[in-house]
Amino acid sequence: MKLLLVDPSDYDDAPVEGIRRILEEFTGDKILRSAKVPTDKIEWVRMEATVATNAPDLLQIGNQACPHIFDLTVSTPSSLYEEVVEIDERKVKSDCSASIGRGVSGELVRVVKPIDEDALKSLLKGLLEKGISCLATRFNSIGLDSYGSSCPSGFHSIKQIFGSQSSSSGPGGGVVGYSQALFGVETDKPLIGLDMGGTSTDVSRYAGSYEQVIETQIAEAAIQAPQLEINTVAAGGESKLKFQFGAFRVRPESLGA
């Protein structure tokens, strides 16, 4: 059974949905999505994921996209970091009283493999001696417990907000503004938003619900974070619209703005 990892319009949790469909096919019985999945016919479940493969080097590896496949002078972008240090620790969700605490999302957790603090101090001291004084931390979350909470609904608490989620937050505010001011008030027809500023022109659409994407690309950087679907089409105040050779053309030509 192969399913999309994220398909909220069809199901909430891909692993559970896959198990449900396999049981339906095997038993011939209909299993409602609102009901608990019966486990009496399940001997074991094996789940594999490649999400964290090469995670420490992910920023350097990138997505291996090749937009100009015949370019013989391709140069890779410089890395954002100087060095990667792996910290070997593992925590798992738990439903027993022996748990040692709660994670940031409120679930009970217990430590399967604790951090070697002495080794960590030695690693960090080595980085400091090399002149590295700024750190970024990446956590790898693997397993069936991690998928159900990957797309929370509603608003986030401040502890759950990351910098990548603020990408295009200005144009996103524009989408919220015109949708609330116009849709259902001035018209019930789908709206097209044209947000022209000094640095970009951003185009969006609203037809009663906010259209979202889970991956976008800004310049040459791919950002995997849920956000409103907004397309940047031009360079804002320095773009010029003109009719040329039988067609409209938009290009960054200075208008003295």
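Residues numbered from 1 in each chain as written. Predicted model: local features only at pLDDT ≥ 70, side-chain atom pairs only at ≥ 80, totals over all residues. Heavy atoms only, no water.

- The name given to the chain in an unreviewed UniProt entry is 5-oxoprolinase, with the source organism recorded as Olea europaea subsp. europaea.

Details of the overall build of the chain
Then comes step 1: Scanning the chain from N- to C-terminus turns up four helices and twelve strands.
Then comes step 2: Looking at the chain as a whole, 15% of its 257 residues qualify as buried.
Then comes step 3: Carbon and sulfur atoms make up 54% of the accessible area of the chain, which amounts to about 20,500 Å² in all. (Helix = DSSP H or I, 4+ residues; strand = E, 2+ residues; numbered from the N terminus. Buried < 20%, exposed > 50% of the residue type's maximum accessible area, 1.4 Å probe, protein only. Areas by Shrake-Rupley, 256 points an atom, 1.4 Å probe, with all protein chains shown as cover.)

Quick look at the environment of Tyr11
Then comes step 1: When you line up the elements, Tyr11 lands in the segment before α1 (14–27).
Then comes step 2: Sequence separation between Tyr11 and Arg33 is 22 residues; the distance between their C-alpha atoms is 8.3 Å.
Then comes step 3: Sequence-distant contacts of Tyr11, defined by excluding residues within four places in its chain, comprise Leu3, Leu4, Glu17 and Arg21.
Then comes step 4: A polar atom in the side chain of Tyr11 sits 2.8 Å from the backbone oxygen of Leu4. (Contact = heavy atoms within 4.5 Å. Polar contact = N/O pair within 3.5 Å; in protein donor to acceptor, adjacent residues only side chain to side chain.)

Quick notes on the layout of surface pockets
Then comes step 1: Size it by volume and the second largest pocket reaches roughly 250 Å³.
Then comes step 2: Forming the walls of the second largest pocket are 14 residues, and the residues nearest its centre are Ser168, Thr216, Ile218, Ile230 and Thr232.
Then comes step 3: For the lining of the second largest pocket, the secondary structure elements donating two or more residues are β7 (216–218), β9 (227–228) and β10 (231–234).
Then comes step 4: Tallying contributions element by element places β7 first for the lining of the second largest pocket, with three residues.
Then comes step 5: For the lining of the second largest pocket, the per-class residue count stands at five nonpolar, seven polar and two charged. (1 Å grid on protein atoms, 1.4 Å probe; cavity = no way out; pocket = protein on both sides within 12 Å on 5 of 7 lines; lining within 4 Å. Points joined across faces, edges and corners; volume = space filled by probe spheres on them. Nonpolar A, V, L, I, M, F, W, Y, C, P; charged D, E, K, R; others polar.)

Some words on helix α4 (residues 169–182)
Then comes step 1: The terminal C-alpha atoms of α4, which comprises 14 residues, lie 20 Å apart, in line with the 20 Å expected from a rise of 1.5 Å per residue.
Then comes step 2: Within α4 the residues assigned to the buried category are Pro171, Gly172, Val175, Tyr178 and Ser179. Here the buried residues of α4 occupy an arc of 130° about the axis, which is enough to place them on one side. In α4, the exposed residues that point more than 90 degrees away from the buried face are Ser169, Gly170 and Gln180.
Then comes step 3: Looking at the buried side of α4, the elements it contacts are β4 (191–196), β5 (201–206) and β9.
Then comes step 4: Two residues or fewer after α4 comes Gly184, characterised by a positive phi angle close to 80°. (Expected span 1.5 Å × (residues − 1). Arc of directions from axis to C-beta.)

Points about the pattern of salt bridges
Then comes step 1: On inspection of all chains with the given rule, the structure shows eleven salt bridges.
Then comes step 2: When the shortest N-O distance is used, the salt bridge between Arg21 and Asp10 registers 3.2 Å. Here the residue Arg21 occupies a position in helix α1, and Asp10 occupies one in the segment before α1, the gap between them amounting to eleven residues.
Then comes step 3: Residue classification places Arg21 among the partly exposed residues on the basis of a relative accessible area of 25%. (Salt bridge = Lys/Arg side-chain N within 4 Å of Asp/Glu carboxyl O.)

Brief notes about unusual backbone geometry
Then comes step 1: One non-glycine residue with positive phi stands out, namely Phe245, at about 55°.
Then comes step 2: Mapping Phe245 onto the fold places it in the loop between β11 (239–244) and β12 (247–252).
Then comes step 3: Judged by its relative accessible area of 78%, Phe245 is exposed.

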